[in-house]
Amino acid sequence: MKAKKIIKVIAFILIFSICFFTAQGLLTGDVDTRDYRRIKGFFQQREDSLDAVFLGSSATYAFWTPAFAYREYGITVYSLSNAKQEILTAKYLIDDARKTQPDALYIVNLVSVTEQYNFRIHSVLDGYPNTINKFKMIHYMAELGDYSLGERMEFYFPIIRFHDRWNDLYTFDFKKTDEAYKGSSSYNNFISNAVDCSGGLWDYDGRTAVSQQMEDGINDLLDYCEEENVKVLFVLTPQTVTDKVKRGQQNTLMDLVESRGFDTLDMNKLALTEMDLNDRTDFYNREHTNLHGSVKFTDYFARYLIENYGQ
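Residues numbered from 1 in each chain as written. Predicted model: local features only at pLDDT ≥ 70, side-chain atom pairs only at ≥ 80, totals over all residues. Heavy atoms only, no water.

Here we take up the sheet that holds strand β2 (residues 77–81). Reading across from one edge, β2-β1-β3-β4-β5 is the order of the 5 strands in this open sheet, with parallel pairing throughout. Both outer strands of the open sheet, β2 and β5 (263–266), are each paired with one neighbouring strand and no more. The mean inter-strand angle of the sheet, taken between neighbouring strand axes irrespective of direction, is 20 degrees. Here 4 bridges tie strand β4 (residues 232–236) to β5, and the two strands are oriented parallel to one another. In the strand pairing of β5, L236 is matched with D266. (Pairing = 2+ DSSP bridges. Helix = DSSP H or I, 4+ residues; strand = E, 2+ residues; numbered from the N terminus. Axes fitted to C-alpha atoms, helices over the stretch in contact; angles between N-to-C directions.)

Have a look at this one:
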């Protein structure tokens, strides 16, 4: 009799768990699925199939066009990026990515620097598999953002946030597969818009202090890359921004990375010359190229990767 009760309890827990996590998987994610697809799509890649992994915020997938790089130069680079991706998450992303892509070059876009920690956490977490690193990243990001216990719980159990999405479900929710084409951008503005973004700080050499928290986080990332012998390149994608504080912080981080002996490439000063980017026609806002500008960037950067890393 006692054994039957135990079996019933176990069966109930098992059935409840299956129903709970099925519902959570179905409901999780905003109507805009592009970040979800980029993150989930990466973890569906074949082992040892990528030459490089490009990490960063939207200024990563807006600049790099994977299909063009593959067609013209035969290299496969995945943009493991999402909107507002914070640079301090890079260590966790790289550690998980290297489980299937151990020999890839890891390119970290330092334009992702921010001191606000107003994370779009679901953008990176919702398509992310449940790994130890994921939960470490949640804890780290929640500490940086000073989130309350209640706010943190929705990162572990996203159904708390998305439980009322029943009326918004559509075909994709029932078959969440990789349709991101190696992390490509598919925004309408990226494809069709052009905005005059002249007057940017291309050659800005000023320096702005970063917080001790940011400095410690970057040093932790660099320590990890040293200890694990990660092949890594830190870059700044060219931007026409007029914010001297942000550009100064980017320069400060580049100094820190260079002082530790890591490879860096600041492409701001190359944008108008080596890439022939036109700041009146090749951007859809001050931080993102449109498709026309992205092809120019990808053409230059693909050649750079081949010449310097054999990718």
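Moving on, there is more to tell.
Among the secondary structure elements, T237 is positioned in the loop between β4 and α13 (244–259). A distance of 3.5 Å separates a polar side-chain atom of T237 from the backbone oxygen of A59. Apart from residues no more than four positions distant in its own chain, T237 is found in contact with F54, A59, F63, N109, V111, N268 and F297. (Polar contact = N/O pair within 3.5 Å; in protein donor to acceptor, adjacent residues only side chain to side chain. Contact = heavy atoms within 4.5 Å.)

The biggest cluster of nonpolar side chains holds 76 residues, and the ones touching the most others in it are W64, F301 and L305. Here this core takes 7 residues from helix α14 (residues 291–309), the largest share from any one element. Not counting the four nearest positions on each side in its chain, W64 is found in contact with F54, A69, I75, V77, S79, S294, F297, T298, F301, A302 and L305. Listed in part, the 5 residues of the second largest apolar core include Y61, A83, Y187 and F190. (Core = buried A, V, L, I, M, F, W, Y, C linked by side-chain atoms within 4.5 Å. Buried < 20%, exposed > 50% of the residue type's maximum accessible area, 1.4 Å probe, protein only.)

Here β2 lies mainly inside the structure; 5 of its 5 residues are buried. Two strands pair when backbone bridges link them, and strand β1 (residues 52–56) and β2 are joined in this way by 5 bridges, in the parallel orientation. Of the residues in β2, the one forming a bridge with V53 is Y78.

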